[in-house]
Structure formats: C-alpha cells, structure tokens
Amino acid sequence: MKNMLLASAAIVAMVGQAEAQEAGYTWSGFYVGAQAGYGWSTAEFSGTSAVPEGDHHADGFVGGVYVGHDWQQGRWVFGALADLDYIDADQLELAGAFDGKDENYTYDMDWMATARVRAGYLPTERLLVYGTGGLALTHVEASGLKERFLSPPDTFENSGVKVGGVIGVGAEFALTRNWSVKTEYLHYDFNTLVVDPGEGNPSFDPSLDTVKVGISFRFGQ
C-alpha cells in the first residue's frame, strides 16, 4: 500500500509539472521562419477576339522566408508579419487568330511579398488557429505580339510590381518553446495588368492561391 501511495504521488507530481510547463508557454515575441508549398495562378484574360477570354491557369512551387511578432492575451493571439516568396510556375502562353491576324500573349509571375496582420484563438496552449490578411505585392511580366499582313508585327511589353491584397487562414503548433510549425492557405488578388494600351486593351487580371508549410524559430521563450 505504501509503495502504491508513493507511486501515485510521483505520477501526480509529474503530471502537475508537465501541466505547469505547458501553462508557462507564451506566444508573445518575435519569430523568423522558412516556408514552402504549392501555388496555382489564375490570370483572367480579356480585350481581344483572337484569344478566348476567361481564366488561364499555371501552377508550381512556392517558397520563401518570413518574420513576425505576436502578442498573447489569454487565449487570443494577435500579430503582424511580412513574408517574401519565390514562385516557380510555368509561363502562360496564349495564341490565336482573328480576321487573318495572329496574336500571341505571355504572362509570368515570379515573386510575391506580403505585409499582414493575423488574429487567432488557442484551443490548447500550443495550438493556434488564425485568420490573416493585408497588403500583397508581386512582380509580373507580360508581353504581346500582333502580326500584320505585309507589315512588321506590333510588339508590346508591360512588366513591373503590381499591388493587391491577401487573405487566408492557418494553424500553428508549438513543438518546443522555441520551435513551431504551421500550415497556411492564402488567396492573393492583384490589380489588372494591361499588355497593349491600344485597341481593346488586352489585359490580364492576376490572382494566386497557395498552400504552404512553415517552420518558425521563436525568440525570448
């Protein structure tokens, strides 16, 4: 009986110690991390009868780095973060003809960055579920070519940084006091990119969806 009481006391002590350690975890503080995943780009094309209007798709690898800071209030966590991702997706190439004239257009998105806020809830001490949104930037390259009968072709190019917005949801789990892992879905939408400012204004309306997994190192734990 004495041994059973001692063993029970030891188990209770270990459980209490584990709960105390768990309860001592805080999400407040700075963190840095790396992420990778999959992205699918949608470019809505319009402005010419030679190429069918509507959505055109490309997909590929997405990966990069991020930095942020969280503040915890009870079971609620609020934060701000910024990230930068490289996009390795196939270039879109659209071609067609109308009234005897050939037209060709290309579209490519090669990087994106965001500045966001996030707000989440802690179902447990170490699991955070959250929503996020903010400003997004991307670099897009687009070109166009219109062939003319008995005349040199007209060529156009419009490349640069486009501004847009981003919104999404995610979940993050604290593995240890300093390391956590997250998975996140984000939808990006950007301003229209006009390829040819002339007749019809052929243009792309870019958007992007991503699913990424990240690992974070948290300071000050």
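As shown above, the structure is provided for reference.
Criteria and cut-off values
Residues numbered from 1 in each chain as written. Predicted model: local features only at pLDDT ≥ 70, side-chain atom pairs only at ≥ 80, totals over all residues. Heavy atoms only, no water. Core = buried A, V, L, I, M, F, W, Y, C linked by side-chain atoms within 4.5 Å. Buried < 20%, exposed > 50% of the residue type's maximum accessible area, 1.4 Å probe, protein only. Helix = DSSP H or I, 4+ residues; strand = E, 2+ residues; numbered from the N terminus. Contact = heavy atoms within 4.5 Å. Lys, Arg positive; Asp, Glu negative; His and termini not counted. Salt bridge = Lys/Arg side-chain N within 4 Å of Asp/Glu carboxyl O. Polar contact = N/O pair within 3.5 Å; in protein donor to acceptor, adjacent residues only side chain to side chain. Pairing = 2+ DSSP bridges. Patch = residues over 30% accessible without salt bridge, like charges linked within 9 Å, V, L, I, M, F, W, Y side chains within 5 Å. Areas by Shrake-Rupley, 256 points an atom, 1.4 Å probe, with all protein chains shown as cover. 1 Å grid on protein atoms, 1.4 Å probe; cavity = no way out; pocket = protein on both sides within 12 Å on 5 of 7 lines; lining within 4 Å. Points joined across faces, edges and corners; volume = space filled by probe spheres on them. Nonpolar A, V, L, I, M, F, W, Y, C, P; charged D, E, K, R; others polar.

Enquirer: Looking at this structure, how should I read the nonpolar core?
Expert: Side chains of a nonpolar character, in soluble globular proteins, are inclined to be buried together. One finds Ile87, Tyr105, Tyr107, Met109, Tyr188 and Phe204 to be the most contacted residues of the largest nonpolar core, which totals 25 residues. Looking at this core, the elements that each hand over two or more residues are strand 1 (29–46), strand 2 (54–73), strand 3 (76–89), strand 4 (92–98), strand 5 (101–124), strand 6 (127–148), strand 8 (179–190) and strand 10 (203–218). The element contributing the most residues to this core is strand 5, with four residues. Once you skip the residues sitting within four places of it in the chain, Met109 turns out to touch Ser41, Ile87, Thr138, His139, Val140, Phe190, Pro206, Ser207 and Leu208.

Enquirer: Looking at this structure, how should I read the environment of Val163?
Expert: Here Val163 shows up in strand 7 (residues 151–174). Each C-alpha atom, one on Val163 and one on Thr114, is 9.9 Å from the other, the two residues being 49 residues apart in sequence. The contacts of Val163, once residues within four sequence positions are left out, are Leu135, Ala136, Leu137, Phe190 and Asn191.

Enquirer: So what exactly am I meant to see when it comes to the environment of Leu175 here?
Expert: Of note, Leu175 is situated in the loop between strand 7 and strand 8. A residue is classified by how much of its surface remains accessible, and Leu175, at 47% relative accessible area, is partly exposed. As a C-alpha pair, Leu175 and Leu127 span 48 residues in sequence and 9.5 Å in three-dimensional space. Leu175 has contacts with Arg126, Ser180 and Val181, leaving out every residue within four places of it along the chain.

Enquirer: I keep staring at the side chain of Asp209 and nothing clicks. Help me out?
Expert: Structurally, Asp209 can be placed in strand 10. Despite its burial, Asp209 pairs with no opposite charge; the closest candidate is Lys212, at 11 Å N-O. Separated by 2.9 Å, the side chains of Asp209 and His187 make a polar contact.

Enquirer: Before we go on, may I ask you to explain the pairing of strand 8 in this structure?
Expert: Put simply, side chains in a regular strand alternate between the two faces of the sheet. What you see with strand 8 is a clean split: Ser180, Lys182, Glu184, Leu186, Tyr188 and Phe190 sit on the buried side and Trp179, Val181, Thr183, Tyr185, His187 and Asp189 on the side with no burial. Taken together, the eleven bridges between strand 8 and strand 10 define a ladder with antiparallel strand orientation. Within strand 10, the residue paired with Val181 across the bridge is Ile215.

Enquirer: Can you walk me through a nonpolar patch on the surface in this structure?
Expert: A cluster of nonpolar side chains, namely Tyr38, Trp40, Val169, Tyr185 and Val211, defines an oily patch on the protein surface of about 420 Å² accessible area. For Tyr185, a relative accessible area of 32% translates into the label partly exposed.

Enquirer: Explain empty space enclosed by the protein to me, please; I cannot follow it from the model alone.
Expert: Rolling a probe over the atoms, with the probe sized like a water molecule, indicates the empty space that remains. As enumerated under the stated definition, the model contains one cavity of 30 Å³ or more in all. Considering only enclosed or pocket space, the largest cavity measures out at about 60 Å³ in volume. For the largest cavity, the full set of lining residues is Ser41, Ala58, Ile87, Ala89, Asp90, Leu92, Tyr107, Asp108 and Met109. Elements supplying a minimum of two residues to the lining of the largest cavity: strand 3 and strand 5. For the lining of the largest cavity, the residue count by class is six nonpolar, one polar and two charged.

Enquirer: Sorry if this is basic, but what is going on with the pattern of salt bridges here?
Expert: Pairing of side chains with opposite charge becomes possible as their charged atoms draw close. Scanning the entire structure with this criterion turns up nine salt bridges. Of the charged contacts, one joins Asp70 and Arg118 as a salt bridge, the two residues approaching to 2.7 Å between their closest N and O atoms. On the criterion of sequence distance, the pair formed by Asp70 in strand 2 and Arg118 in strand 5 is long-range, its members being 48 residues apart. Each member of the pair Asp70 and Arg118 is classed as buried.

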